[in-house]
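Coordinate analysis (summary)
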Amino acid sequence: MDNSLPPADELVLVDRELAQLEARRTQLLARRAWLVQVLYRPARAATPRWPVTPAAPAADSTPRSAQNVLLTLGGTLLTIAAVAFTLVSWGSMGIGGRAAVLCAVTGAALSAPVVLLRRDLVSTGESVAVLGLVLTVLDAYALHRVALSDTDGLGYAAVASAVLAGAWAAYGSALPRLRVPLPAGVVAAQLPLPLGVLAAGGGATAFAWAALVTAAADGAVVLWTRPLPVRITAGAGAALLGGWALLTGGWLSFSSPWSGAPLLLAGAAVCLYAAWRTPGWAVAASVVAGLAVVAAVGGLLRSAVPGDWAVPGYVLCGLALASVWRAGAGARLPRGVRTGLTGAGAATVALGLLWALPPVVGGALGPLARTTEIWSGEHTGPALVAYPATAALVLAVVAAALVSVSRLWARCGALALVWALLTALPVAPGLPYAATLALQLLTTAAALWIAVRPASLTRGLPRPGATPAASPDARTTTDRTTDPTNRPATAATGPSGTPATGPSGVSATGPAEPPASGPAGQSASGPAGQSAGGSVPPPPSAPPRVPGAGFGAPGTGWMPPRPRPQASAAEPGTVLGWVAYAGGLVSAAGAVALALDVRGATFLALGAVLGLLTGVAVLGTGARRTVSACGAVLAAAGLVFTGAAAAGLEAHWTGLALLLVPAATAAVGATARPVALPVEITGAAVGLSALGLAASRPAFLALVLALGGVIAAATAVRPERRRFASWTAAGLFLLAAWVRLGAWGVTTPEAYTLPVTVPALVVGFLRRRRDPEASSWTAYGPGLAVTLLPSLGAAWTDPEWVRPLVLGVATLVVTLLGARFRLQALLLLGGTVLALDGLHELAPYVVQVVGALPRWLPPALAGLLLLAVGATYEQRLRDARRLRERLARMR
């Protein structure tokens, strides 16, 4: 019996079942969302007992935003209409009509928000209130045009802005739900004092005082009011007007110090009070206050001292301000205030150091810009003759201040400033030449000595890794976090008094104890798996905690934080040594450049620099030792060059004399192991300069190359230099031979190539004896190619028969040797050169024979050749493959 339903009935049944399943699925999803909300948001006061239907998708523009746009456009249009009515249509009405219209419209606009707020139409009330505020401004303008037209415009504007500010503030306070009236009142309050000063005919000073008072009032509003829009508006006004007042005070400190100083000090007091009350802005406000104090006091000092002492006065003010960080009274200031004041003082000192920098640059680099001939006895005048001598005083005072700070950066800065002082000292007072040179050399010696022995400057500095002394801030923090009875601090608690926990239930003070276990090792829990204490089970995304597993084990949901690698701090002696070493090198270069004016001074300076750098190379360590050794080599080369120039030697003789330097470095390199390689490289560079000096005379160039080869051969005796030095010596000897042959006018190529081929073949033969698997191309190919190829080129252009004959015999021997010993390089090179040589010799006869034959014979012979090759094509291919295989089996 067939019990199946008709298709139409079955479709209705399927649709009904699917609808029921979808409804059940929606119900279960809503129930799950409610359960998650109950379990993981216990802080909510009440939870709904039934699920909330899902929210509809968000539209492109919400009704609230559309409403705000419409209200803004409507208010703007009404405001434009009111302004047009007041300015254009005002004259067509009588005085009574004007007053009635303005009063009625303004009163309606200001009263309407009260009714609108009662009906919760906040945005509409906001728009109408803005219209009312604009109408009050138009009322004030209309009142001035109709009834008070004879009064001063600025004075009336000041009074009107004050009245409007008070009225708008009262209106905003009466209707606190409106956001615009109170900020608008703050904006209007910015105008009365500045406009009143302008109306009274006050100058820039009075206007600045009015702006400063207004800014102080804005600061009070920021500190003592709660609405955020009001505070933001007042803060912007305070920044604008206060900045204008301080800029005016800074300008007055230059033109009229006694007028600008009180203004700057008052502004500094306002900024300091604001920094004290607002920790978030403490640093910025304190920086502004500190700069204002420096400008005020420095301006007064500048008016009382000569012009050259103005910058030192400002620097002293900056140092006094920066000392707040270490002073006993400054320790009671908030950290942000101290940081800002110290930053302002440091910025002032930095500007003073920039002002004192030109004499330092002139003393260090001035000798390099020569305007006189070397050894002329004339001295280049200082570039900064008219620069104030107080620049040296600034450097000295700041260096003394930094010495008192027991920090590495301060000690490095003091060392650099002392060096700068000694470098700039000859420029400012204009010391004589001898004193300047002596001071430069003494500065070099002192700096290099400190670079070698910096321990005297590290006294009192904290060592890397040592626990620093507790600062006042650290002590304060410790006092705040430690219980007075020396009891351990309790764990942080959450809102309900339970210990505050982090992720995976770990408490804020450390891992929590494992839960109490019941029988069978299970935790005490109620029905449905919930704990007896009402604790919430972990969320589904967190893995369950393994019972008995320690924290950090797999499945616990918590891992201990990995310690971050910290960069190792540099030793104070190392840092100070590098600072002193850099200054010593600069002073050494300046002293040598300065000594070029006089011959004797040049020898003295080079000798002193050579001795000092040699001392650093012997006593120093690390990179300073290497750099000093290379510098000593260059100083020795300079002495040799200076001696040759003083003796009147020509350039090629000077180049020959410079070979003493690489010879000495090769001898020193045998004993000075740590610096051997850099010293020898520097000596080789000096040897290259010797080659350049001797290049004008080929005979001397050959001699210099040969002597260089001797030095390289002597260096090759040492095992660690044998490989490189031996090849260098061979190359220098070969170049020397070639240069000598060229000087003698030898044009035969074999005279240049055979000295290369013979040693190369000997080396290749020895290589093959030691390694029979070595390729013949590596062992013999370069040596044979050096001679055979140039000789082949010469044979093709030689009209005589001797060279082609000798070349043919030689290549025949090479080819036979290659075939006998199965050497691919000899066979191919020799056979190729032999074939080309024979072709060159037979070419004239071939041309004669071809010219004597009939013209039809060459094509016929070519055709026969092609027929023969085509008939034996397969055999020829097999022969070619066998030949290729035999050549491939050769070495």
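Residues numbered from 1 in each chain as written. Predicted model: local features only at pLDDT ≥ 70, side-chain atom pairs only at ≥ 80, totals over all residues. Heavy atoms only, no water.

Some details on the overall build of the protein
- Check the secondary structure of the protein and you find 33 helices and 0 strands.
- Across the 891 residues that make up the protein, the buried fraction comes to 32%.
- In the protein, the proportion of contacts linking residues at least 24 apart, taken out of those at least 6 apart, comes to 65%.
- Roughly 52400 Å² of accessible area belongs to the protein as shown, and the carbon and sulfur atoms make up 70% of that amount. (Helix = DSSP H or I, 4+ residues; strand = E, 2+ residues; numbered from the N terminus. Buried < 20%, exposed > 50% of the residue type's maximum accessible area, 1.4 Å probe, protein only. Contact = heavy atoms within 4.5 Å. Areas by Shrake-Rupley, 256 points an atom, 1.4 Å probe, with all protein chains shown as cover.)

Some details on the environment of Leu606
- Tracing the chain through its elements places Leu606 in helix H20 (residues 599-619).
- Classification of Leu606 as buried rests on a relative accessible area of 9%.
- Between the alpha carbons of Leu606 and Leu634 there is a distance of 9.6 Å; along the sequence they are 28 residues apart.
- Ignoring anything within four residues of it in the chain, the contact list for Leu606 reads Val592, Ala635, Gly638, Leu639 and Thr642.

Details of the packing of helix H19 (residues 572-595) against H20
- Look at H19 against H20: their axes get within 8 Å of each other, and the N-to-C directions meet at 160°. Classified by the interaxial angle, the pair formed by H19 and H20 is roughly antiparallel. Here H19 and H20 pass one another in a crossing that is left-handed. Residue-level inspection shows Tyr581, Leu585, Ala588, Ala591, Val592 and Ala595 of H19 in contact with H20, the latter providing Ala601, Thr602, Ala605, Leu606, Val609, Leu613 and Val616. (Axes fitted to C-alpha atoms, helices over the stretch in contact; angles between N-to-C directions. Parallel < 35°, antiparallel > 145°, perpendicular 65-115°, else oblique. Left-handed = near helix turned anticlockwise from the far one by under 90°.)

Here we look at the nonpolar core
- Within the largest apolar cluster, 20 residues are counted, with the highest numbers of intra-cluster contacts made by Val360, Leu395, Val398, Leu402 and Leu417.
- Listed in part, the 16 residues of the second largest apolar core include Leu415, Ala580, Val609 and Ala635. (Core = buried A, V, L, I, M, F, W, Y, C linked by side-chain atoms within 4.5 Å.)

Examining the packing of aromatic side chains
- What the rule picks out here adds up to 3 aromatic pairs.
- Relative to Trp244, the ring of Phe207 has its centre 6.5 Å away and its plane inclined at 90°; by these criteria the two rings are edge-to-face. Taken together, the positions of Phe207 in helix H8 (residues 204-224) and Trp244 in helix H9 (residues 228-255) put the pair 37 residues apart, joining distant regions of the chain.
- Among the residues examined, Trp244 registers a relative accessible area of 47% and is labelled partly exposed.
- For the pair Trp653 and Phe700, a centre-to-centre distance of 4.7 Å together with 70° between the ring planes defines the contact as edge-to-face. A residue pair is termed long-range when its members are at least 10 positions apart, and Trp653 in helix H22 (residues 651-658) and Phe700 in helix H25 (residues 698-715) qualify at 47 residues.
- When its relative accessible area of 41% is taken as the criterion, Trp653 is described as partly exposed.
- Lying across the ring of Trp578, Arg624 places its NZ or CZ 5.3 Å from the centre. (Phe/Tyr/Trp six-rings, centres within 6.5 Å; stacked < 30°, edge-to-face > 60°. Lys NZ or Arg CZ within 6 Å of the ring centre and 35° of its normal.)

Comments concerning a nonpolar patch on the surface
- On the surface, Trp801, Val802, Leu805, Val806, Val809, Val813, Leu817 and Phe821 cluster together to form a nonpolar patch covering roughly 780 Å² of accessible area.
- By secondary structure assignment, the location of Phe821 is in the loop between helix H30 (802-820) and helix H31 (824-852). (Patch = residues over 30% accessible without salt bridge, like charges linked within 9 Å, V, L, I, M, F, W, Y side chains within 5 Å. Salt bridge = Lys/Arg side-chain N within 4 Å of Asp/Glu carboxyl O.)

A word on the pattern of salt bridges
- In the structure shown here, the tally under the stated rule is 7 salt bridges.
- When the shortest N-O distance is used, the salt bridge between Arg697 and Glu650 registers 3.7 Å. In this pair, Arg697 sits in the loop between helix H24 (676-694) and H25 while Glu650 sits in the loop between helix H21 (622-646) and H22, placing the two residues 47 residues apart along the sequence.
- Of the residues examined, Arg697 reaches a relative accessible area of 39% and is grouped as partly exposed.
- The closest approach of N and O atoms between Arg718 and Glu680, which form a salt bridge, is 2.5 Å. Of the two residues, Arg718 sits in the loop between H25 and helix H26 (722-744) while Glu680 sits in helix H24, which places them 38 residues apart along the sequence.
- Taken together, the shared-partner salt bridges connect Glu680, Arg718, Glu720 and Arg721 into one network.

Digging into helix H13 (residues 335-355)
- If you check H13, its first and last C-alpha atoms are 30 Å apart, about what 21 residues at 1.5 Å a residue would give, namely 30 Å.
- Buried residues of H13: Gly336, Val337, Arg338, Gly340, Leu341, Thr342, Ala344, Gly345, Thr348, Val349 and Gly352, and no others. (Expected span 1.5 Å × (residues − 1).)

Considering unusual backbone geometry
- Phi at Asp120 is positive, roughly 65°, even though this residue is not glycine.
- Looking at the secondary structure, you find Asp120 in the loop between helix H3 (95-118) and helix H4 (122-146).
- Even without a glycine there, the phi angle at Arg822 is positive, about 55°.
- Within the secondary structure, Arg822 is located in the loop between H30 and H31.
- Relative accessible area serves as the criterion here: at 43%, Arg822 is assigned to the partly exposed category.

Quick look at the environment of Val717
- Relative to the helices and strands, Val717 is located in the loop between H25 and H26.
- Taking the C-alpha atoms as reference points, Val717 and Ala670, separated by 47 residues in sequence, lie 9.9 Å from one another.

Considering the confidence of the model for the protein
- Here the protein averages 79 in pLDDT, while 77% of its residues score no lower than 70.
- In the model, residues 43-63 has pLDDT below 50 throughout and makes 6 contacts with residues more than four positions away in sequence or in other chains.
- Counting contacts from residues 467-561, a segment whose pLDDT is below 50, to residues more than four positions away or on other chains yields 68 contacts. (pLDDT = per-residue confidence, 0-100.)

Here's the deal with the side chain of Thr753
- Looking at where Thr753 falls in the secondary structure, it is placed in helix H27 (residues 749-770).
- Ignoring sequence-local partners within four residues, the contact set of Thr753 consists of Val786, Thr787 and Pro790.

Let's talk about the environment of Trp281
- Checked against the element boundaries, Trp281 lands in the loop between helix H10 (257-277) and helix H11 (282-304).
- A relative accessible area of 63% means that Trp281 is categorised as exposed.
- Along the sequence, Trp281 and Val337 sit 56 residues apart, while their C-alpha atoms lie 9.3 Å from each other.

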